[in-house]
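Residue-level structure breakdown
Spelled out, the chains give:
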2 protein chains.
Amino acid sequence: MISTKMKPLVENNSVIREMFEEGKRLAAIYGSENVYDFSLGNPNVPAPEAVKESILEILEKEESTFVHGYMSNAGYEDVRETIADSLNVRFGTSFGVNNILMTVGAASGLNVILKTILEPEDEVITFAPYFVEYGNYVHNYDGKLVVIPPNTVDFQPNLEELAKKITAKTKAVLINTPNNPTGVVYSGETLKQMAEILRQKEKEFQRDIVLISDEPYRELAYDGVEVPYVTQYYENTVICYSYSKSLSLPGERIGYLVIPDECKDSKEVFTAATIANRVLGSVNAPSLMQRVIKRCIEKGATVNLAAYDRNRNLLYEGLKACGFFCVRPEGAFYLFMKSPIADEKEFCNQAAKHRLLLVSGSSFACPGYVRIAYCVSYEQIERSMTAFQSLAKEYGLMGG
Amino acid sequence: MISTKMKPLVENNSVIREMFEEGKRLAAIYGSENVYDFSLGNPNVPAPEAVKESILEILEKEESTFVHGYMSNAGYEDVRETIADSLNVRFGTSFGVNNILMTVGAASGLNVILKTILEPEDEVITFAPYFVEYGNYVHNYDGKLVVIPPNTVDFQPNLEELAKKITAKTKAVLINTPNNPTGVVYSGETLKQMAEILRQKEKEFQRDIVLISDEPYRELAYDGVEVPYVTQYYENTVICYSYSKSLSLPGERIGYLVIPDECKDSKEVFTAATIANRVLGSVNAPSLMQRVIKRCIEKGATVNLAAYDRNRNLLYEGLKACGFFCVRPEGAFYLFMKSPIADEKEFCNQAAKHRLLLVSGSSFACPGYVRIAYCVSYEQIERSMTAFQSLAKEYGLMGG
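Residues numbered from 1 in each chain as written. Chains lettered and ligands numbered in written order. Predicted model: local features only at pLDDT ≥ 70, side-chain atom pairs only at ≥ 80, totals over all residues. Heavy atoms only, no water.

Okay, the overall build of chain A next. When you go through chain A residue by residue, the secondary structure sums to 14 helices and 13 strands. Taking 21 Å as the expected radius of gyration for a compact globule of 400 residues, we find that chain A reaches 21 Å, a close match to that expectation. Along the first, second and third principal axes, the C-alpha set of chain A runs to 65 × 55 × 50 Å. Buried residues in chain A amount to 64% of all 400 residues. Long-range pairs, those at least 24 residues apart, make up 74% of the contacts in chain A between residues at least 6 apart in sequence. When the accessible surface of chain A is split by element, carbon and sulfur atoms take 49% of a total near 14,100 Å². Where the 41 positive side-chain charges of chain A centre and where its 51 negative ones centre are 2 Å apart. (Helix = DSSP H or I, 4+ residues; strand = E, 2+ residues; numbered from the N terminus. Rg over C-alpha atoms; globule rule 2.2 N^0.38 Å. Buried < 20%, exposed > 50% of the residue type's maximum accessible area, 1.4 Å probe, protein only. Contact = heavy atoms within 4.5 Å. Areas by Shrake-Rupley, 256 points an atom, 1.4 Å probe, with all protein chains shown as cover. Lys, Arg positive; Asp, Glu negative; His and termini not counted. Charge placed at Lys NZ, Arg CZ, Asp CG, Glu CD.)

In structure tokens:
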């Protein structure tokens, strides 16, 4: 019954999601406190109180038919205006209502922009390690995902390889900073160099190349590290944003696209993306949550970043003490750890015996590493440390 | 910049949506009370009080990380169970958790099932007049929409034509009952005959044919008319449901697919559809609204159907008195009226001069008719009557 295109997806159903289900299964057997599930980017830090406050205010003050009704497919204008203003204040941009398109989270935003611009066989370049769904999103529109191998020294994007991989078929470059799974943040200098390469290649191939920046982790950066705003570096940029992490609302599916005026054919792209948002079936981003976002911006709401930061430090120091190796993450809530053996899937299986659920780097096109999502309770990390220690001992990383 | 596939969509941007924008423009000039906007299916009847009550209860009693967090891509299990149980009680079905997949409204549900089953060049048959987006949804997956011409006698589906139009390429038949734009409800006898044709053609072509039933208007039926449950008539049925109309939540994007056990390869189809829901970018249906649906079902919440019924009667009788001709709708909140001139677009333009916003039947592949959405205030219908009378006089339908 199912289509040829869906068959491989059913066969290789998301490893991460399987772990999510496996975690639920183990928790039912051993009790959730005895399962150290580090597999999914499902925030443990609750949404800020402003979300609840906003909902209560909206239900009290705004009309039901307005709050739950249809609006323009691009979203409520006042919401989009508030977002644009907020970005302008923070990043020195000059966006208006017609640069902001509300979407069903960043995953939907990525689908919308890819549907808008991709021809069959068009190439989209991304840097390993990368979020495995990118391949599926690009394939939805018969594009081809071209993967630049990981730079395992510091996990910064390999720009020399980027320059080599761009061809006459390249339609877009897809980046993710702060990065899932490495926690790395791209610097202004990196983005400047990347932009130069893209401009040069646009001239060489006489073709527009869109830089798509997937930014659900923008607000999750530590130690005061700056996360530069990509539209300030390259004209043909489209931003995919989500409130899944910045307001701990991943289940609500609320985010937006930024299509700046500087983007080639900006107005037409915005219109086409609005139509793509509609015909792909979203129609519009969920209405109540759009209204919540407006109030949360006005209230200056943020998640409790300090909680993630504490988790990050506890986990990083703990793993280092075990003898594991990992790059200290600057952003997001993932730690990308080197597997003590080349076959990191085997290492994950071994970890699971200690009820440690980690995701293999192969899921991100980066074998030899594992992803540890630390958007969990501080207590889970504390409790998991003896399990990590036992695991380390099995691999001779610390004295037994 | 935009893809070849998107270009015609940009050029023929939704007429209905344009009218929505036009309505807002006219309202700003003349005042909203002097614009009779009958163009969009945006419910005027507010969501039942149970929606607000449910949200307040959820925010009070359920954990933020649970309410706004990720769940299985198919949706919360307890929500799906409540829906299955409710359907079973009402329609004598025997659905379980694994037959219900929560979606971002019915539009997304349709995209999900079409992505799941369609091969390029596969044909999907539908009956005119039909919702224009069906064509876009089918084209998203490179399928071909085959349209059966309207039966303008009573707007029941033309089953003789259906039998003729099914070929070896037919993968699905897409129906919509209660119908947008006609308000017609398919009877049990109609569905029985349709099922017989499909079974016979499945044998003839040795191929499964899925009957996709798009049912956002299921709960909107008047005069006690029965809306039969399609899975009871044909095995390979998939239901696309939405709460947009039944709970007046169109902006919230909440609905579900039913994939019954009787459907061929049911488990695999369900898994593939769950993956399609994820990779198309929805990831999952909005979480808070899923939880609201559960409580609303438990509370037995419904919209104020009597309000639509009053509108229906006022409008139908009023138009009849003007000398216009239309089939009396049994369901949904649309009235499909015959244009007094063959060129109904010209008639719509003329109507707009009286600030009556109607949608041309050509938008539904049924020229010569116009759609009037009566999900508006009773007062709007009352006030609009003098405009309809003036319009009727212009066409010599009533004495001037």
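That was the structure; now back to the text.
Our focus in this paragraph is the interface of chain B and chain A. The partner chain A presents 85 residues to the 85 residues of chain B that form the contact. The contact between chain B and chain A buries some 6,400 Å² in all, and 55% of this surface belongs to carbon and sulfur atoms. Taken together, chain B and chain A are joined by 2 salt bridges. Note that Glu133 of chain A and Arg278 of chain B form a salt bridge whose closest N and O atoms lie 2.5 Å from each other. Taken together, the connections running from chain B to chain A amount to 46 residue pairs in polar contact (both at pLDDT 80 or more). Mapped by element, the contributors of at least two residues to the side of chain B that touches chain A are helix H1 (7-11), helix H2 (15-30), helix H3 (49-61), helix H4 (64-67), helix H6 (105-117), helix H7 (133-140), helix H10 (266-279) and helix H11 (287-299) of chain B. Of all the elements, H10 of chain B adds the most residues to the side of chain B that touches chain A, at 8 residues. Of the residues contributing to the side of chain B that touches chain A, the split by class is 39 nonpolar, 27 polar and 19 charged. (Buried area = accessible area lost by both parts, 1.4 Å probe. Salt bridge = Lys/Arg side-chain N within 4 Å of Asp/Glu carboxyl O. Polar contact = N/O pair within 3.5 Å; in protein donor to acceptor, adjacent residues only side chain to side chain. Nonpolar A, V, L, I, M, F, W, Y, C, P; charged D, E, K, R; others polar.)

Residue and element names in this part refer to chain B. Strand order across the open sheet formed by 7 strands is E2-E8-E7-E6-E5-E3-E4, with mixed pairing between neighbours. Strands at the two margins of the open sheet, each flanked by one partner only, are strand E2 (100-103) and strand E4 (144-148). Taking each pair of neighbouring strands and ignoring which way they run, the sheet shows an average axis angle of 20°. In the sheet, strand E6 (residues 210-214) pairs with strand E7 (residues 237-242) via 4 bridges, with the strands oriented parallel. (Pairing = 2+ DSSP bridges. Axes fitted to C-alpha atoms, helices over the stretch in contact; angles between N-to-C directions.)

The next subject is unusual backbone geometry. Look at the link from Ala128 of chain A to Pro129 of chain A: it is a cis peptide, with omega at -10°. Secondary-structure assignment places Pro129 of chain A in the loop between strand E3 (123-127) and helix H7 (133-140). Located in the positive-phi region is Phe155 of chain B, a residue other than glycine, with phi close to 60°. Positionally, Phe155 of chain B belongs in the loop between E4 and helix H8 (159-165). You will see that Asp223 of chain B, though not glycine, has its phi angle at about 55°, which is positive. Position of Asp223 of chain B among the secondary structure elements: in the loop between E6 and E7.

What follows is about the packing of aromatic side chains. Scanning the entire structure with this criterion turns up 40 aromatic pairs over all chains. Aromatic pair Tyr308 of chain A and Phe333 of chain A: ring centres 5.2 Å apart, planes at 55°, arrangement tilted. Of this pair, Tyr308 of chain A sits in helix H12 (residues 305-322) while Phe333 of chain A sits in the loop between strand E9 (325-326) and strand E10 (334-338), placing them 25 residues apart in sequence. By relative accessible area, which is 0% here, Tyr308 of chain A ends up buried. Geometrically, the ring pair formed by Phe324 of chain A and Phe388 of chain A is edge-to-face, given 6.4 Å between the ring centres and 75° between the ring planes. Residue Phe324 of chain A is found in the loop between H12 and E9, and its partner Phe388 of chain A is found in helix H14 (residues 378-394); the two are separated by 64 residues along the sequence. Residue Phe324 of chain A shares its accessibility class with Phe388 of chain A, and that shared class is buried. Each residue in the set Phe38, Phe324, Phe347, Phe388 and Tyr395 of chain A is aromatic and connected to the rest through ring pairs, giving one cluster. Above the ring of Phe91 of chain B, the side-chain terminus of Arg218 of chain B is found at 4.9 Å from the ring centroid. Over the face of the ring belonging to Tyr378 of chain B we find Arg310 of chain B, whose NZ or CZ atom lies 4.0 Å from the ring centre. (Phe/Tyr/Trp six-rings, centres within 6.5 Å; stacked < 30°, edge-to-face > 60°. Lys NZ or Arg CZ within 6 Å of the ring centre and 35° of its normal.)

Turning our eyes to something else, we now look at the pattern of salt bridges. Residue and element names in this part refer to chain A. Under the counting rule described, the total for this entry stands at 44 salt bridges over all chains. The partner of Lys299 in a salt bridge is Glu57, and the shortest N-O contact between them spans 2.6 Å. Of this pair, Lys299 sits in helix H11 (residues 287-299) while Glu57 sits in helix H3 (residues 49-61), and the two are 242 residues apart along the sequence. Taking relative accessible area as the criterion, Glu57 reaches 22% and is therefore assigned partly exposed. The shortest N-O distance in the salt bridge between Glu62 and Arg291 comes to 2.5 Å. Here Arg291 lies in helix H11 and Glu62 lies in the loop between H3 and helix H4 (64-67), a separation of 229 residues in the sequence. For the pair Glu62 and Arg291, one class covers both residues: buried. Beyond isolated ion pairs, a larger network of salt bridges with shared partners links Glu53, Glu57, Glu62, Asp78, Arg291, Lys294, Arg295, Glu298 and Lys299.

This structure, assessed with the given rule, holds 0 disulfides over all chains. Here Cys366 of chain A is not disulfide-linked; the sulfur of Cys348 of chain A is the nearest cysteine sulfur, at 12 Å. Accessibility expressed as a relative area gives 1% for Cys366 of chain A, which makes it buried. The thiol of Cys296 of chain B is unpaired, and the distance to the nearest cysteine sulfur, on Cys375 of chain B, comes to 20 Å. (Disulfide = S-S within 2.5 Å.)

Another point: the nonpolar core. In terms of nonpolar packing, the biggest core is built from 122 residues, with Ile55 and Leu162 of chain A together with Ile55 and Leu162 of chain B touching the most fellow members. Within the second largest apolar cluster, 86 residues are counted, among which are Leu9 and Ile117 of chain A together with Val238 and Ile259 of chain B. (Core = buried A, V, L, I, M, F, W, Y, C linked by side-chain atoms within 4.5 Å.)

So, on to the relation of the copies chain B and chain A. At an RMSD of 0.0 Å, chain B and chain A line up after a rotation of 180° and a shift of 0.0 Å along the axis. Look at the turn and shift together and you get a two-fold axis relating the two. Here 100% of the contact residues of chain B are again contact residues in chain A; the copies associate through an equivalent surface. (Least-squares fit on C-alpha atoms with pLDDT ≥ 70 in both.)

Another point: the environment of Ile209 of chain A. Residues and elements named next belong to chain A. Looking at the secondary structure, you find Ile209 in the loop between helix H9 (188-205) and strand E6 (210-214). Overall, the relative accessible area of 2% leaves Ile209 in the buried class. Separated by 27 residues in sequence, Ile209 and Asn236 have C-alpha atoms that sit 6.9 Å apart. Not counting residues up to four positions away in its chain, the partners in contact with Ile209 are Ile166, Thr170, Lys171, Ala172, Val173, Leu198, Lys201, Glu202, Tyr234 and Asn236.

Here we come to the packing of H6 of chain B against H7 of chain B. Residue and element names in this part refer to chain B. Look at H6 against H7: their axes get within 9 Å of each other, and the N-to-C directions meet at 35°. The hand of the H6/H7 crossing is right-handed. In contact with Ala107, Leu110, Asn111 and Leu114 of H6, H7 contributes Tyr134, Tyr137, Val138 and Asn140. Along the lines of polarity and charge, the residues of the contact of H6 with H7 split into 6 nonpolar, 2 polar and no charged. (Left-handed = near helix turned anticlockwise from the far one by under 90°.)

All names here are of chain B. Looking at helix H13 (residues 344-353), one finds that the buried residues are Glu344, Phe347, Cys348, Gln350 and Ala351. Within H13, the buried residues cover an arc of 160° as seen down the axis, which keeps them to one side. On its buried side, H13 packs onto strand E10 (334-338), strand E11 (356-357), strand E12 (359-360), strand E13 (369-373) and helix H14 (378-394). The N-cap residue of H13 is Asp343: its side-chain oxygen and the backbone nitrogen of Lys345 are 3.1 Å apart. Positive phi appears at Arg355, one or two residues downstream of H13, with a value of about 60°. (Arc of directions from axis to C-beta.)

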